[in-house]
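So the chains spell out like this:
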Amino acid sequence: MGLQPFRRILVTGGAGFIGSHFVRLALEHDLEVVVLDKLTYAGSLLNLEGVLDHPRLHFLQGDIADPAAVAEAIAGCQAVVNFAAETHVDRSLLEPAAFVQTNVWGTMVLLEHALRTGVQRFLHVSTDEVYGEVLTGAAREIDPLHPRNPYAASKAAAEHFVFSYWTSYRLPVLVTRGCNTYGPYQHPEKFIPLAITNLLSGQPIPLYGDGLHERDWLYVDDHCRAIWTVLLHGQPGQAYNIGASQHRPNIAVARAIVHLLGADPASIVHVSDRPGHDRRYAVEWSKLAALGWAPRTSCEEGLARTIAWYRSRPDWWTARRDEAFAAYYARNYRDRGTPVTQP
Ligand code: NAD
Ligand code: TDX
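All values derive from a computational prediction rather than experimental measurement.

Reading the values: the criteria
- Residues numbered from 1 in each chain as written.
- Chains lettered and ligands numbered in written order.
- Predicted model: local features only at pLDDT ≥ 70, side-chain atom pairs only at ≥ 80, totals over all residues.
- Heavy atoms only, no water.
- Buried < 20%, exposed > 50% of the residue type's maximum accessible area, 1.4 Å probe, protein only.
- Helix = DSSP H or I, 4+ residues; strand = E, 2+ residues; numbered from the N terminus.
- Contact = heavy atoms within 4.5 Å.
- Near = heavy atom within 4 Å.
- Polar contact = N/O pair within 3.5 Å; in protein donor to acceptor, adjacent residues only side chain to side chain.
- Areas by Shrake-Rupley, 256 points an atom, 1.4 Å probe, with all protein chains shown as cover.
- Nonpolar A, V, L, I, M, F, W, Y, C, P; charged D, E, K, R; others polar.
- Pairing = 2+ DSSP bridges.
- Axes fitted to C-alpha atoms, helices over the stretch in contact; angles between N-to-C directions.
- Phe/Tyr/Trp six-rings, centres within 6.5 Å; stacked < 30°, edge-to-face > 60°.
- Lys NZ or Arg CZ within 6 Å of the ring centre and 35° of its normal.

### Structural notes on helix α1 (residues 17-27)
For step 1, the next point in the chain: Taken across its eleven residues, α1 has ten buried, putting it largely inside the fold.
For step 2, the next point in the chain: Within α1, the full set of buried residues consists of Phe 17, Ile 18, Gly 19, Ser 20, His 21, Phe 22, Val 23, Leu 25, Ala 26 and Leu 27.
For step 3, the next point in the chain: Those residues of α1 that are buried are in contact with β1 (8-12), β2 (32-37), β3 (57-61), β4 (79-82), β7 (181-182) and α7 (220-233).

Next comes the structure, spelled out in structure tokens:
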């Protein structure tokens, strides 16, 4: 496939964290970008600041599970990139139904419309969590899926439908399984922005369990370039892992953030563990490397950039953090018996 095959693409969830970075990347290329986003608590037009009035960007507020909204958004598009999802594991433990509705049923609605309109590419953004915990080594794309929390289960279920549309109807699908991603515009419910904004607010970092759970940390720009690479050069019907080879136990990430912010090491507080907390994720990403992609940002460099952004943007995160506390964290933390207080 040539380097610039699409005139118009649909990006669902393009007002969320990774989706909004991807929209910026896509607009650097000569194509029209349609964003369909429900603007849940996790999405915001502010995430698209600077490009919202771009002449090649078309924003539609709507639900991927709503056939009428999807029909309108997908018209004239040659490719779909599906970021839209409920994404927070802790929320999925409390309210799993929303995860099935958006992540599974919403994906089904998109697949149906993609089939009807005959798109050239349907890229579904999945996650390394579908493999379940990987205690040693690294998961390969051919490994079986063993999701262990409701979020991961909904992402795995969606993938099964996506691949069934390849097998059954030859819809040209692609799946990416990215590892833990961080950077500007990430909702402060997720670990790295939560740790940064808590310290900036004079609150401790609540570390689940012993803090030795390990994740591979991918800077958001690298994740977006990986998705772009797969969209253009991936083979239909295939999954591609996206890793960063920047594995760190959570406690090391917390210590790095404390150090970079010059905070008191005693600000790291162990709290009771997340139920069913996956001990370790790791993916083998040579299949994607063969398409010419490699991550460019080290964890240290990415963390420094991310901290600088959150330092400069309390206008972006303060209300989100307060809302998360009010709607969710107060309850979650109370259940965990942590010393964190609602601001
Ligand atoms: P996010 O929670 O920041 O954004 C999700 C976006 O989807 C929001 O803008 C929200 O409004 C929108 N949305 C939710 N439900 C919708 C619906 N029914 N219809 C339309 N829009 C809807 O998420 P993120 O961290 O940017 O993740 C994006 C994608 O990448 C997700 O599919 C997620 O599973 C996947 N992923 C995330 C990570 C990570 O570490 N953040 C890692 C691997 C994969
Ligand atoms: O307060 C916290 N304390 C803590 O110790 C939070 C919010 C998290 N953690 C731990 C749990 C995890 O081991 O930090 C690690 C990262 O947690 P999250 O940011 O919630 O991410 P995770 O559960 O690993 O899932 C993330 O990566 C895969 C994203 O949220 C998913 O959308 C993505 O698919």
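The structure having been displayed, the exposition proceeds.
### Section: the site of ligand 1
For step 1, the next point in the chain: Taken together, 30 residues lie near ligand 1, and Ile 18, Asp 37, Thr 87, Tyr 151 and Lys 155 sit nearest.
For step 2, the next point in the chain: At 3.1 Å from an oxygen atom of ligand 1 is found a main-chain nitrogen or oxygen belonging to Phe 17.
For step 3, the next point in the chain: Here Tyr 151 contributes a side-chain N or O atom positioned 2.6 Å from an oxygen atom of ligand 1.
For step 4, the next point in the chain: Relative to its free-state accessible area of 840 Å², ligand 1 is covered by the protein chains to the extent of 97%.
For step 5, the next point in the chain: Broken down by element, the residue count for the shell around ligand 1 peaks at three residues, all from strand β5 (residues 121-127).
For step 6, the next point in the chain: Residue composition of the shell around ligand 1, grouped by class: twelve nonpolar, 14 polar and four charged.

### Focus: the sheet that holds β3
For step 1, the next point in the chain: Strand order in this open sheet of seven strands is β3-β2-β1-β4-β5-β6-β11, and the pairing throughout is parallel. The open sheet has two edge strands with one neighbour each: β3 and β11 (238-242). Here the average twist between neighbouring strands, direction ignored, is 20°.
For step 2, the next point in the chain: Pairing of β5 with strand β6 (residues 173-178), which is carried by six bridges, proceeds in the parallel orientation. Across the sheet, Phe 122 pairs through a bridge with Val 173, a residue of β6.

### Here we look at the packing of aromatic side chains
For step 1, the next point in the chain: Throughout the structure, instances matching the rule amount to twelve aromatic pairs.
For step 2, the next point in the chain: Geometrically, the ring pair formed by Phe 99 and Tyr 151 is edge-to-face, given 6.3 Å between the ring centres and 85° between the ring planes. A residue pair is termed long-range when its members are at least 10 positions apart, and Phe 99 in helix α4 (residues 96-117) and Tyr 151 in helix α5 (residues 150-169) qualify at 52 residues. Of the two residues examined, Phe 99 and Tyr 151, each falls in the buried class.
For step 3, the next point in the chain: Centroid distance Trp 309 to Trp 316: 5.3 Å. Interplanar angle 65°. Geometry classified as edge-to-face.
For step 4, the next point in the chain: Taken together, the aromatic side chains of Tyr 185, Trp 309, Tyr 310 and Trp 316 make up a single cluster linked through ring pairs.
For step 5, the next point in the chain: If you follow Arg 91 out to its NZ or CZ, it ends over the ring of Tyr 41, 3.6 Å from the centre.

So far we have only geometry, and geometry alone does not tell us how the molecule works.
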